[in-house]
Amino acid sequence: MASWNRTQSHHFDLAPEVLWPVIADPSALPLWNRAVAALVPRTADPAPGTALDFEPRPALIGAIHARTAPPAVVVRRVAGREFSWRQPQPGGGLLVRWELRPEHGGTRLVQTVSVDGPGTPLFGPSSAGPLAAGFAENCARLHRLAGGSATREPKIVIAGGSGFLGRRLAADLACRNHDVVVLTRSHDPGSPFRQVAWDGAGPGAWTRELEHAGPVAVVNLAGRSVDCRPSPGHVAALRDSRVRSTRALVEACAALPRPVSRWVQASTTAVYGDAGEDRLDEHSALPSGGAALPQMTGVAVPWEKAAAGANTHHQTILRTAIVLERECPAFDRLSLLARAGLGGPVGDGRQWFSWIHLEDWLGVVRAGLGLEPSVELPSGVVVAAAPEPVRNAELMSMLRERLAPRRLRRWSVPAPAPLVRLGALALGTDPALGLTGRHATSAVLGDAGFAFRHPRLGAALSDITG
C-alpha cells in the first residue's frame, strides 16, 4: 500500500508538562502551525474517539475539505507524553502524532505526519506536506505559546537569518530560551522571530541591537545565493553581498563600548575550490591557479578576510559543507533528481561530496557560540563537515535507494558533464556545483569534544527521509 511519512524532532528548554497543555489542545494548533485554519474538538475533553472539525489552509482548500471530508478523530492521548489524531481520506487517511520525550535540559518534541492508502500520491504533497513544512519555525511559535521566554544569555543577533539555515538556527536558539534577533532586508510578517531591518551596507538603526546590557553574540550568514551562473557580474555580486555586509557588522561592533562575546562567521568548504583527491582540513592551504574557482575561492576568501579584526572575544570562521535536511535547497534538488529517475552519477561520479546533517551543523554553531558545555572550539577556522565524505556516485546511489521508484534503485540515468553544463545553462545555475568536489573534514571538532550525531551518510539520509 502506498504511504508518505515525515518524522521530525526539535529540542525545547521547557519541561514536558509545560508543553503538554498546548500539544493536547487541538484548538491551539492553528496558533503554531500555519497550515491549519481550525481543528475544533466536538467535546470539551478530546479523549480518544473524539471527533475534530479540521480545516486546512489556504481558504479554498479548507472550504472544499469542510464540505467533502468526514471529521477527523483523536486516536491516542497519553497524558504528558503523546497525542495523535487522524483525518480519514478515501481508502486511507492522514495521521499526525506528537510525542514528548524528556531529555537533558528540557524536552524533545517528535512530530510524525503520515498518509496511507491509494490516495497517497495526491494527499501526501497536498495535505501532509504543508502540515510538516516549516516545522522548526512552528516549534518557535509553540515555544512562545507555551510560555517560553528569553531568559538565557547571550542575546544572539543573526545577520542573514531569513534563509534556510538562518531560520533553522533562529528556531533552535529561540526554543533554548535565547533572545534572538534577525537582521533582514525584507520583513516577513509571518516570521515567529523578532526582525530588524538592515541594508547590509553600513551601520544604521539596527546597531542598537548590539548595545545590550548583557553579553551579545553575532552570527553572520548574510549573502546572496550561490545558485546562479558563474558570470563575472554574478561572481562580483556574490562577493559584494558577503563582504559589504560583513564589513558593516565589523564597523558596527567596533563602535561598541565592549566586545561582543562570540562571533560565528559563515564561510564554505568551497573555499578550497576543486580539490580533486586532496584531503582537506582547517590546516590545509587554500588553492591557487585553476583549482581556485572564482565563484568559490574568489568569493569565500574575501568573505573570511572581511571579518578579520572584529571586536569580539572569540571568532569562529565556519567553513560549512553541503547541509543535508529536507527543505534545504541542495538536498531538495538532489532528491528531485533521484525521484524523477535522474539519480545516476553526476559527471564521472568520482568527485568528493563533503556534507553535514543539519542537526550537527546546529550543534557546531552552538559550540561556536559557547553554548555546548562539553565543547570548546578554539578561535579561528572550523570545518563543519561530517567525518566521512563520499564520492558523488555513492551519494546518488544512496539517494536512489531511499527515494527513487523501485525499478530505478539499482540503476538510474547518469548525467554526463556536457549534459550537466547544458542543464545548468537552462536553469541559470553553476555546473561546478555538481561537477567539482572536495574531501573536507575537521581536525578541530574532535579535539574540542564535539561528537557527531550523524557521522555516516547512509544513516543521516535514513533519518532525513524517514
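Residues numbered from 1 in each chain as written. Predicted model: local features only at pLDDT ≥ 70, side-chain atom pairs only at ≥ 80, totals over all residues. Heavy atoms only, no water.

Considerations on the overall build of the protein
For clarity, the threshold we go by: Per the convention used, a helix needs a DSSP run of H or I reaching at least four residues, while a strand needs a run of E reaching at least two, with both numbered from the N terminus. Relative accessibility under 20% of the residue-type maximum defines a buried residue, over 50% an exposed one, and the middle range a partly exposed one, all with a 1.4 Å probe and only protein chains included. Should any heavy atoms of two residues lie within 4.5 Å, those residues are considered in contact. Calculation of accessible area relied on Shrake-Rupley with a 1.4 Å probe; when residues are assessed, cover is drawn exclusively from the protein chains displayed. Charge counting follows a simple rule: Lys and Arg are positive, Asp and Glu are negative, and His as well as the terminal groups are ignored. Lys charges are placed at NZ, Arg charges at CZ, Asp charges at CG and Glu charges at CD.
Across its full length, the protein holds 15 helices and 20 strands. Overall, the protein is about 70 × 60 × 40 Å in size when its C-alpha atoms are taken along their principal axes. Buried positions account for 54% of the 466 residues belonging to the protein. Long-range contacts, defined here as pairs at least 24 residues apart, represent 72% of the contacts in the protein between residues at least 6 apart. With an accessible surface of roughly 19800 Å², the protein has 56% of that area assigned to carbon and sulfur atoms. Counting 49 positive and 41 negative side-chain charges, the protein places the averaged centre of each group 5 Å from the other.

Here's the deal with the pattern of salt bridges
This is how the line gets drawn: One speaks of a salt bridge when a side-chain nitrogen belonging to Lys or Arg is within 4 Å of a carboxyl oxygen belonging to Asp or Glu.
Under the defined criterion, the tally for this structure stands at 28 salt bridges. Among the salt bridges present, the one from Glu82 reaches Arg97, with a minimum N-O distance of 3.0 Å. Residue Glu82 is found in strand 5 (residues 82–89), and its partner Arg97 is found in strand 6 (residues 92–103); the two are separated by 15 residues along the sequence. Exposure remark for Glu82: the relative accessible area of 6% places this residue in the buried category.

Overview of the side chain of His11
Where we set the bar: Any pair of N or O atoms that falls within 3.5 Å is considered a polar contact. Within protein, one atom must be able to donate a hydrogen and the other to accept it, and sequence-neighbouring residues count only if both atoms are side-chain atoms.
Mapped onto the elements of the fold, His11 is located in strand 1 (residues 3–12). Separated by 2.6 Å, the side chains of His11 and Asp13 make a polar contact. Apart from the residues within four sequence positions on either side, His11 is in contact with Glu103, His104, Gly105, Gly106, Thr107, Arg108, Cys175 and Arg176.

Comments concerning the packing of helix 5 (residues 135–145) against helix 6 (residues 164–174)
Cut-off, in case you're wondering: Here the axes come from fitting lines to C-alpha atoms, over the contacting stretch only for helices, and the angles between their N-to-C directions go from 0 to 180 degrees. By definition in this entry, angles of less than 35 degrees are roughly parallel, angles greater than 145 are roughly antiparallel, angles of 65 to 115 are roughly perpendicular, and the rest are oblique. Left-handed describes a crossing whose near helix is turned anticlockwise from the far helix by less than a right angle; the clockwise case is right-handed. Asp, Glu, Lys and Arg are counted as charged, while Ala, Val, Leu, Ile, Met, Phe, Trp, Tyr, Cys and Pro are counted as nonpolar; the rest, among them Gly, fall into the polar class.
Running from amino to carboxyl end, helix 5 crosses helix 6 at an angle of 30°, the nearest separation of the two axes being 8 Å. Compared by their axis directions, helix 5 and helix 6 come out roughly parallel. In this structure, helix 5 meets helix 6 at a crossing whose hand is left-handed. Contact with helix 5, carried on its side by Ala136, Glu137, Ala140 and His143, involves Arg167, Arg168, Ala171 and Ala174 of helix 6 and no other residues of that element. In terms of residue class, the contact of helix 5 with helix 6 is made up of 4 nonpolar, 1 polar and 3 charged.

Focus on the nonpolar core
What counts here: Take the buried residues of types Ala, Val, Leu, Ile, Met, Phe, Trp, Tyr and Cys, join any two whose side-chain atoms come within 4.5 Å, and each joined set is a nonpolar core.
Ile158, Trp361, Leu369 and Leu399 are the most contacted members of the largest nonpolar core, which has 56 residues in total. Apart from the residues within four sequence positions on either side, Trp361 is in contact with Leu165, Leu169, Leu221, Leu318, Thr320, Val323, Ile356 and Ala384. Counting 35 residues, the second-largest nonpolar core is a separate cluster that includes Leu94, Val96, Phe135 and Leu142.

Thoughts on a nonpolar patch on the surface
Let me state the cut-off plainly: Patches here: salt-bridge-free residues with over 30% relative accessible area, like charges joined within 9 Å, nonpolar side chains (Val, Leu, Ile, Met, Phe, Trp, Tyr) joined within 5 Å.
Among the surface-exposed residues, Leu342, Trp411 and Val413 lie close enough to one another that they form a single nonpolar patch of about 310 Å² accessible area. Among the structural elements, Trp411 can be located in the loop between helix 11 (392–403) and helix 12 (417–427). Exposure remark for Trp411: the relative accessible area of 56% places this residue in the exposed category.

Some details on the UniProt feature "domain: NAD-dependent epimerase/dehydratase" (unreviewed entry) in the protein
The criterion, for reference: UniProt positions are given in the numbering used here, feature names are shortened, and annotations may be inferred rather than shown by experiment.
The sites that carry the UniProt feature "domain: NAD-dependent epimerase/dehydratase" (unreviewed entry) are, in the present numbering, residues 156–279. Taken end to end, residues 156–279 is 27% helix and 23% strand, and its two terminal C-alpha atoms sit 34 Å from one another.

So, empty space enclosed by the protein
For clarity, the cut-off: Definitions used for this entry: grid spacing 1 Å over protein atoms alone; cavity, a set of points where a 1.4 Å probe fits but cannot get out; pocket, an open set with protein on both sides within 12 Å along at least 5 of 7 lines; lining residue, one with an atom within 4 Å of a point. Grid points are joined across faces, edges and corners, and a volume is the space filled by probe spheres set on the points.
Within this structure, the stated rule accounts for 1 cavity of 30 Å³ or more. Of the pockets and cavities examined, the largest cavity occupies roughly 40 Å³. In terms of lining residues, the largest cavity is bounded by Gly134, Ala136, Glu137, Phe164, Arg167, Arg168 and Glu327. Elements represented by at least two residues in the lining of the largest cavity include exactly helix 5 and helix 6. The residue inventory of the lining of the largest cavity, partitioned by class, reads 2 nonpolar, 1 polar and 4 charged.

Some points on the sheet that holds strand 8 (residues 152–159)
Backbone-to-backbone hydrogen bonds join strands into a sheet, with any given pair of strands oriented parallel or antiparallel. Stated formally: Whether two strands pair comes down to DSSP finding at least two bridges between them.
Read across the open sheet, the 7 strands follow the order 10-9-8-11-12-14-18; overall the sheet is parallel. Of all the strands in the sheet, the pair left with one neighbour each is strand 10 (194–197) and strand 18 (380–384). On average, each strand axis in the sheet is inclined to that of its neighbour by 25°, with strand direction left out of account. Where strand 12 (residues 262–268) lies against strand 14 (residues 315–320), 6 bridges are found, and the strand directions are parallel. Its bridge partner lying in strand 14, Val264 is registered against Thr316. Sheet strands in contact with helix 6 are strand 8, strand 9 (178–184) and strand 11 (216–220), and its direction is about 160° off that of strand 9.

Brief notes about the sheet that holds strand 4 (residues 72–78)
On the basis of which strands lie adjacent, the open sheet formed by 7 strands has the order 1-7-6-5-4-3-2 and antiparallel pairing. Every other strand in the sheet has two partners, leaving strand 1 and strand 2 (36–41) as the edge strands with one partner each. Each neighbouring strand pair of the sheet contributes to a mean axis angle of 20°, computed without reference to strand direction. Strand direction decides the pairing type here: strand 3 (residues 51–56) and strand 4, joined by 2 bridges, are antiparallel. Among the inter-strand pairings, Ala51 is bridged to a residue of strand 4, identified as Val73. Contacts from helix 5 reach strand 1 and strand 7 (106–116) within the one sheet, and its direction differs from that of strand 1 by about 45°.

Quick look at the packing of helix 7 (residues 232–254) against helix 8 (residues 297–306)
The N-to-C vectors of helix 7 and helix 8 enclose an angle of 10°; their axes lie 8 Å apart at closest approach. If you check the angle between helix 7 and helix 8, you find them roughly parallel. Contacts from Val235, Leu238, Arg239, Arg242, Val243, Thr246, Arg247 and Val250 of helix 7 reach helix 8 at Gly298, Val299, Pro302, Trp303 and Ala306. For the contact of helix 7 with helix 8, the class distribution of residues is 8 nonpolar, 2 polar and 3 charged.

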